[in-house]
Amino acid sequence: MIFLPPEKIPRHIAIIMDGNGRWALRQNKFRYFGHSSAIDSVREVIRACTSLGISYLTLYTFSTENWHRPKREVKFLINLLEENLKETQSDLLENNIRFSTIGDISRFPQRTQDIVQKQVELTAQNTGLSLILALSYSGRWDLLQAISKLAHEVKKGRCAPEDIGEDLLSAHLATHPVPDPELLIRTGGDMRISNFLLWQMAYTELYVTPTLWPEFKEKDLLEALSSYASRERRFGKTSEQIRNLP
C-alpha cells in the first residue's frame, strides 16, 4: 500500500498517453485495437484522480502532429473520441467532473465540435476534478496563438511591448487560468515531451515509465505520485533555502 501525504499530492497532473499502437502490435492486433483498449486506462486514471482529490488532469489526447497520420487512423480516432464523450457524459455529471479542452478544435468536423461544446456546457458548473483534453494541441501552437493575441493587443494600443512579461503571456495561453502542472507522466518509455505544454512545464517534475498506456492503471499512477512525493522541488533555489522557508 502506497501512502501519499496530502500535502505531497500535486494539484495538476498532465499525462502523455503513449504506446497504444505498440501495445496492439504486441498482441498481434491492429493499431486501432490499442486506441480502443486505451479508454479503460483513461477511465481508471480519472476515477483515481477524483478519489485522490486531484484538482486538474490534462490528457494529451490528439496532438497537432497527429493530423499527419494516415487518414483512416485519424478518422478512427475522431470517431472514438465522439463515442466516448457521449458515453461518459453521465459519469462526468455524477462525479462532479468539469470537462474542458485546449487546442485548435476548429480543425475537427463540426459534429465533433458540437459534441465537445455540449460536454463543456453540461459540466461547466461542476466543482470537482477539472478534466482537460488536449485536442489538436501542441506547445508551439499554444505559444504562437498567445503571441498573435498579444501582437493584436499592441497594435490596438491596449498594451505596450515593454508591458509583455511572463504573467501577461501566461494569461494568453490556452491553459489560462489553470495552474501549471506539477507532474508530467509519460507512458511508453520515450524520453521527450513531444511538443506538449512547453511554456507551462518549465518546472514540472517528469515521470517516464516503460509501461504502455493500455496497461497503465491506478497502481501505476500511485507509483508516479509516490516518486513525485519523494522529490524536492527547488525552482532554482538551494536545498538550504527551501528548508528554511517559513
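Refer to the structure presented above.
Small disclaimer: the values here were computed from a predicted structure and weren't measured.

### Side note on the sheet that holds strand E4 (residues 130-137)
Read from one edge of the open sheet, 6 strands run E3-E4-E2-E1-E5-E6, paired in parallel fashion. Each end of this open sheet is capped by a strand with a single partner; those strands are strand E3 (98-102) and strand E6 (205-208). Adjacent strand axes in the sheet meet at a mean angle of 20 degrees when their direction is disregarded. With 5 bridges joining them, E3 and E4 adopt parallel strand pairing. When the sheet's bridge partners are listed, Arg98 is paired in E4 with Ser130. Those strands touched by helix H2 (residues 31-52) are strand E1 (12-16), strand E2 (56-63) and E4, and its axis lies near 160 degrees from that of E2. Most of the contacts of helix H5 (residues 110-123) go to E3, to which it runs at about 140 degrees, and overall it touches E3 and E4.

### Focus: the packing of aromatic side chains
Any aromatic ring pair is given by two values, namely how distant the centres are and how the planes are angled relative to each other. This structure, assessed with the given rule, holds 10 aromatic pairs. Here the aromatic rings of Tyr32 and Phe76 are separated by 4.8 Å at their centres, their planes lie at 50 degrees, and the arrangement is tilted. On the criterion of sequence distance, the pair formed by Tyr32 in helix H2 and Phe76 in helix H3 (residues 71-87) is long-range, its members being 44 residues apart. Taking the relative accessible area as the measure of exposure, Tyr32 reaches 27% and is therefore partly exposed. Ring centres of Trp67 and Phe108 lie 5.1 Å apart, and the angle between their planes is 55 degrees; on these two criteria the pair is classed as tilted. Taken together, the positions of Trp67 in the loop between E2 and H3 and Phe108 in the loop between E3 and H5 put the pair 41 residues apart, joining distant regions of the chain. Members of the aromatic cluster, connected to one another through ring pairs, are Tyr60, Tyr137, Trp141 and Phe196. One residue, Lys29, lies across the ring of Phe33, its end atom 4.9 Å from the ring centre.

### Structural notes on the pairing of E1
Across the 5 residues that make up E1, a large majority, 5, are buried. Note: E1 against E2, 5 bridges, orientation parallel. Following the sheet pairing, Ala14 is matched in E2 by Thr58. Sheet topology places E1 next to strand E5 (residues 183-186); 4 bridges connect them, and they run parallel. Note on E5: the bridge partner recorded for Ala14 is Leu184.

### Looking at H2
Between its first and last C-alpha, H2 extends 32 Å over 22 residues, near the 32 Å set by a 1.5 Å rise per residue. Residues Gly34, His35, Ser37, Ala38, Ile39, Ser41, Val42, Val45, Ile46, Ala48 and Cys49 constitute the buried set of H2. Summarising the contacts, the buried residues of H2 are in contact with E1, helix H1 (20-26), E2, H3, E4 and helix H8 (218-229). Positive backbone phi, approximately 80 degrees, marks Gly53, located one or two places after H2.

### Observations concerning the side chain of Asp142
Relative to the assigned elements, Asp142 resides in helix H6 (residues 139-155). It is Lys149 that comes nearest to the buried, bridge-free Asp142 among opposite-charge side chains, at 7.1 Å. With sequence-adjacent residues up to four places away left out, Asp142 is seen in contact with Tyr137, Leu173, Ala174, Thr175 and Gln200.

### Some words on the environment of Leu143
Tracing the chain through its elements places Leu143 in helix H6. Spatially, the C-alpha atoms of Leu143 and His172 are 8.7 Å apart, while their sequence positions differ by 29 residues. Filtering out sequence-adjacent residues up to four positions away, Leu143 remains in contact with Leu169, Leu173, Leu198 and Trp199.

Calculation notes
Residues numbered from 1 in each chain as written. Predicted model: local features only at pLDDT ≥ 70, side-chain atom pairs only at ≥ 80, totals over all residues. Heavy atoms only, no water. Pairing = 2+ DSSP bridges. Helix = DSSP H or I, 4+ residues; strand = E, 2+ residues; numbered from the N terminus. Axes fitted to C-alpha atoms, helices over the stretch in contact; angles between N-to-C directions. Contact = heavy atoms within 4.5 Å. Phe/Tyr/Trp six-rings, centres within 6.5 Å; stacked < 30°, edge-to-face > 60°. Buried < 20%, exposed > 50% of the residue type's maximum accessible area, 1.4 Å probe, protein only. Lys NZ or Arg CZ within 6 Å of the ring centre and 35° of its normal. Expected span 1.5 Å × (residues − 1). Lys, Arg positive; Asp, Glu negative; His and termini not counted. Salt bridge = Lys/Arg side-chain N within 4 Å of Asp/Glu carboxyl O.

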